[in-house]
Amino acid sequence: MLPEWKQIYQDRLTTAQEAVRQSINSGTYVVFGHAVAAPESISRAIYEQRERLEDVRIFHMLYFGKAWHLRPEMQGHVIPVINFLDKASRVSYADRRAEFLPCHFHEVPDLFRLGLYPVEVAAIQLSRPNAEGYCSFGVSNDYTKASTEAARVVIAEVNQQMPFIGGDNLIHVSELDYIVEVDRPLPAFPPAPIGEVEQRIAKHCATLISDGATLQLGIGAIPDAVLQCLEDRKDLGIHTEMFTDGVMHMMRSGQITGQKKTKDIGKVVSTLIMGSKELYDFLDANESIAMHPVNYTNDPYVIGQQDNLISINSCIEIDLTGQVASEAIGLQQFSGTGGQVDFIRGAKRSKGGCAILAFASTAQGGKISRIVPMLSAGTQVTTGRNEVDYVVTEYGCVRLRGLTLRERAEALMSIAHPDFHPMLQAAIEERFYPSQS
C-alpha cells in the first residue's frame, strides 16, 4: 500500500487538457507561474479549448516558453493581465490584446490576498516531491506561492527538471488539486556579453562595495561585470530579488559566504532565479540557497534590516532632477516597475547600505543620451527623485542624495557622455541660472 501522500499524488494525476476542462470556464480569474516556471502545458490547453472560453483573465509577469495564451487568435477568449512585459507580452500589449496592471513587486501577493485580483485558479510549475510529499516552487517563488494560498483550485505541472530548492518554498501534494507531470528543460539564459562600457560602470560600482556587504543584483551585463570586479572581496552576502550564474561562480570561489549578514546568515536569499542549465543543476538540493516569497525578499522593511546592503539597478533614462524612468519610453510600455523601488527604499534604510542606479550613458549606439533635461512626454516615473541615491555611468559615480536641484543637474551632467554636455549645460543654464537679459 502506498504512503498517504503518494496515493494522493496518484489520485490527482491528470492531463493538462482535463485539468483545464474541469477548472477553467469563461470569466475565470487565473494566475500563471512566473518566468522560467511558466506552466506551458496549461497555456496550450487553454489555447486548444479556446472556443468554449470567453474573457478568461490570466495574470502573470514574465513568461518564458511558448505563450499560447498571447497569440492573436486568443483575443476575446483570454484577457492577459500583465505586471511586467517581456518580448511576447510587449507585442500583445501594443496590439491592445492585453492589459497592464501596475504594482510594486513586493505588493503583488496582496493583490490576491486582498481580492484585488480575485484569483480562482493558480496554474504553476513545481519540482518533484521529496520523501515527505513536499514539492518545491523551485526557481520561482515570488508571487507564485501566494497565488496557491489564495486560489480555489491549484493546477501544478510537476517537472522532473525543476530543481528542488528549500526556504519558504514548499507546498505539499495534498494542496494540489490537479497534477500534470512534465519533463522539460527550463529555459536557459546565457550570460550577457560584457563590453568596455559595462566594465567601466562596474569598476565605479565596486568602489561602493566592501568586504561583508550584502548585494542585490539583477540580470544582465552590468551585474555580471560588477561581480567580476569583486574578486578580492570577502564574506559577501546575497539578499536579492533574483540572481544568475555570476552568484554561482562566486559561491564556488568562496567569496559569497553570507557570514556577515544580519538576517538569514549563511544563506543566499532570492525569490527568482534564471540562468544556465549548469546553474539549475547547482541549485538542486543546495542547502546554501533559500527561496522566499517576494513579499519577504522585496519588503523594504525586511531589506532595511540587512546591514550593508548594496542595491544595484538600472533604468532607461533619468532627468536632470533625478526622476527615473525604468519601464516606459513615452507612452510605450517596455517592462514594469518590478522590484526597483522596493530595493532602493530598503537599501536606504540599511545601516551602511546604499542604492545604486547603474546604466550606460547613451542608447542607440551613442545617438541618444540617457541623461536628459526632461523625461520623454508621457513617460511614467518609476523611481521618484526623492528616492535616488547613487547614479553611475561609465563616466563616473555621483550621489544625488542631499543635493539641490541645480547641484543634481550638474552632477548628472558630469557623468553624461561628453557629446551631450552642451545640450545639458544649456538646459541647466535656462532652468537654474538667472537670465542674462
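Computed from a prediction, not measured in an experiment: that's the story for all the values here. (Residues numbered from 1 in each chain as written. Predicted model: local features only at pLDDT ≥ 70, side-chain atom pairs only at ≥ 80, totals over all residues. Heavy atoms only, no water.)

Colleague: Outline the pattern of salt bridges, supporting the account with residue identities and numerical values.
Modeller: This model, assessed by the stated rule, comprises 16 salt bridges. In this structure, the salt-bridge partner of R97 is D95, at a minimum N-O distance of 3.3 Å. Classification of R97 as buried rests on a relative accessible area of 13%. Judged by its relative accessible area of 46%, D95 is partly exposed. (Salt bridge = Lys/Arg side-chain N within 4 Å of Asp/Glu carboxyl O. Buried < 20%, exposed > 50% of the residue type's maximum accessible area, 1.4 Å probe, protein only.)

Colleague: Give a description of the side chain of S23 that names residues and reports values.
Modeller: You can see S23 is positioned in helix α2 (residues 16-23). The buried category is assigned to S23, whose relative accessible area is 4%. A distance of 2.6 Å separates a polar atom in the side chain of S23 from the backbone oxygen of A19. (Helix = DSSP H or I, 4+ residues; strand = E, 2+ residues; numbered from the N terminus. Polar contact = N/O pair within 3.5 Å; in protein donor to acceptor, adjacent residues only side chain to side chain.)

Colleague: Quick rundown of the pairing of strand β3 (residues 78-82)? Include the residues and the values.
Modeller: Burial of β3 is extensive: five of the five residues sit out of reach of the surface. Residues V78, P80 and I82 line one face of β3 and the alternating positions I79 and V81 line the opposite face, and both faces are buried. Direction of pairing for strand β2 (residues 56-60) relative to β3: parallel, over a ladder of five bridges. Looking at the pairing, R57 lines up with I79 of β3. (Pairing = 2+ DSSP bridges.)

Colleague: Tell me about the pairing of strand β21 (residues 354-358), and please be specific about residues and values.
Modeller: For β21, the buried fraction is high: five of the five residues fall into the buried class. Taking every second residue as pointing to the same face, both faces of β21 are buried, with C354, I356 and A358 on one and A355 and L357 on the other. For strand β16 (residues 309-313) and β21, the ladder comprises four bridges, and the chain directions are parallel. Within β21, the residue paired with I310 across the bridge is C354. Bridge analysis of β21 against strand β25 (residues 390-393) gives three bridges, and the strand direction is parallel. Residue pairing for β25: A358 is matched across the bridge by V392.

Colleague: Help me get a handle on the sheet that holds β21, residues and values and all.
Modeller: Spatially, the six strands line up as an open sheet ordered β11-β10-β16-β21-β25-β26, and their pairing is mixed. Whereas interior strands pair on both sides, the edge strands pair on one side only; in this sheet they are β11 (237-238) and β26 (396-399). Of the pairings in the sheet, the one linking strand β10 (residues 214-216) to β16 comprises three bridges and is parallel in character. Paired with Q216 across the bridge in β16 is S311.

Colleague: How would you explain the nonpolar core if you had to name every residue and give the values?
Modeller: Ranked by internal contacts, the top residues of the largest apolar core, which has 48 residues, are V139, I209, L215, L230, L283 and I356. In contact with L215, other than residues within four places in its own chain, are I209, L227, L230, G237, I238, H239, T240 and I310. (Core = buried A, V, L, I, M, F, W, Y, C linked by side-chain atoms within 4.5 Å. Contact = heavy atoms within 4.5 Å.)

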